[in-house]
Amino acid sequence: MTFEEKLKRIDEICSALESGKLSLDDSIKIYEEGMVLTKECLDTIDKTKGKVVEIKKKLDNTITEEKFGDGE
């Protein structure tokens with residue numbers, strides 16, 4: 001499953017949970033699925049950040065490292 005497919009599935013899970021139409025057991029089951037997918041997406045983002053920093057280091061011999069996700 002691609003990163004984009006995981007995000008789409010997380011969105012579907014959120015919509016299903018917000019609908020209030022699922023049983024408690026089904027809600028717990030898909031909530032757990034959503035949490036697993038969320039962790040996988042966060043892991044992918046962290047790996048991607050590392051790759052970007054690595055590429056930047058190769059292109060810039062001064063080895064300046066920029067932080068991501070600081071809201072700047």
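Residues numbered from 1 in each chain as written. Predicted model: local features only at pLDDT ≥ 70, side-chain atom pairs only at ≥ 80, totals over all residues. Heavy atoms only, no water.

J.: Just to check I follow, could you spell out the packing of helix H1 (residues 3-19) against helix H2 (residues 24-59) for this structure?
T.: For any two helices packed against each other, the geometry is given by the interaxial angle and the distance between the axes. At a minimum axis distance of 9 Å, the contact between H1 and H2 shows a crossing angle of 150°. Between H1 and H2, the interaxial angle falls into the category roughly antiparallel. Between H1 and H2 lies a crossing whose hand is left-handed. Residues Phe-3, Lys-6, Leu-7, Arg-9, Ile-10, Ile-13, Ala-16 and Leu-17 of H1 lie in contact with H2, whose contacting residues are Ser-27, Ile-30, Tyr-31, Glu-33, Gly-34, Leu-37, Thr-38, Glu-40, Cys-41, Thr-44 and Ile-45. (Axes fitted to C-alpha atoms, helices over the stretch in contact; angles between N-to-C directions. Helix = DSSP H or I, 4+ residues; strand = E, 2+ residues; numbered from the N terminus. Parallel < 35°, antiparallel > 145°, perpendicular 65-115°, else oblique. Left-handed = near helix turned anticlockwise from the far one by under 90°. Contact = heavy atoms within 4.5 Å.)

J.: What should I look at first to understand the side chain of Ser-27 in this one?
T.: For Ser-27, the location among the structural elements is in helix H2. With relative accessibility at 19%, the residue Ser-27 sits in the buried group. Once residues lying within four places of it in the same chain are set aside, the contact partners of Ser-27 are Leu-17 and Leu-22. (Buried < 20%, exposed > 50% of the residue type's maximum accessible area, 1.4 Å probe, protein only.)

J.: Would you take a moment to explain the nonpolar core for this structure?
T.: A general feature of soluble globular proteins is that nonpolar side chains tend to end up buried together. Listed in full, the five residues of the largest apolar core are Ile-10, Ile-13, Ile-30, Leu-37 and Cys-41. Residue contributions to this core peak at three residues, all from H2. Not counting residues within four places of it along the chain, the set of residues in contact with Leu-37 comprises Met-1, Lys-6, Arg-9, Ile-10 and Ile-13. (Core = buried A, V, L, I, M, F, W, Y, C linked by side-chain atoms within 4.5 Å.)

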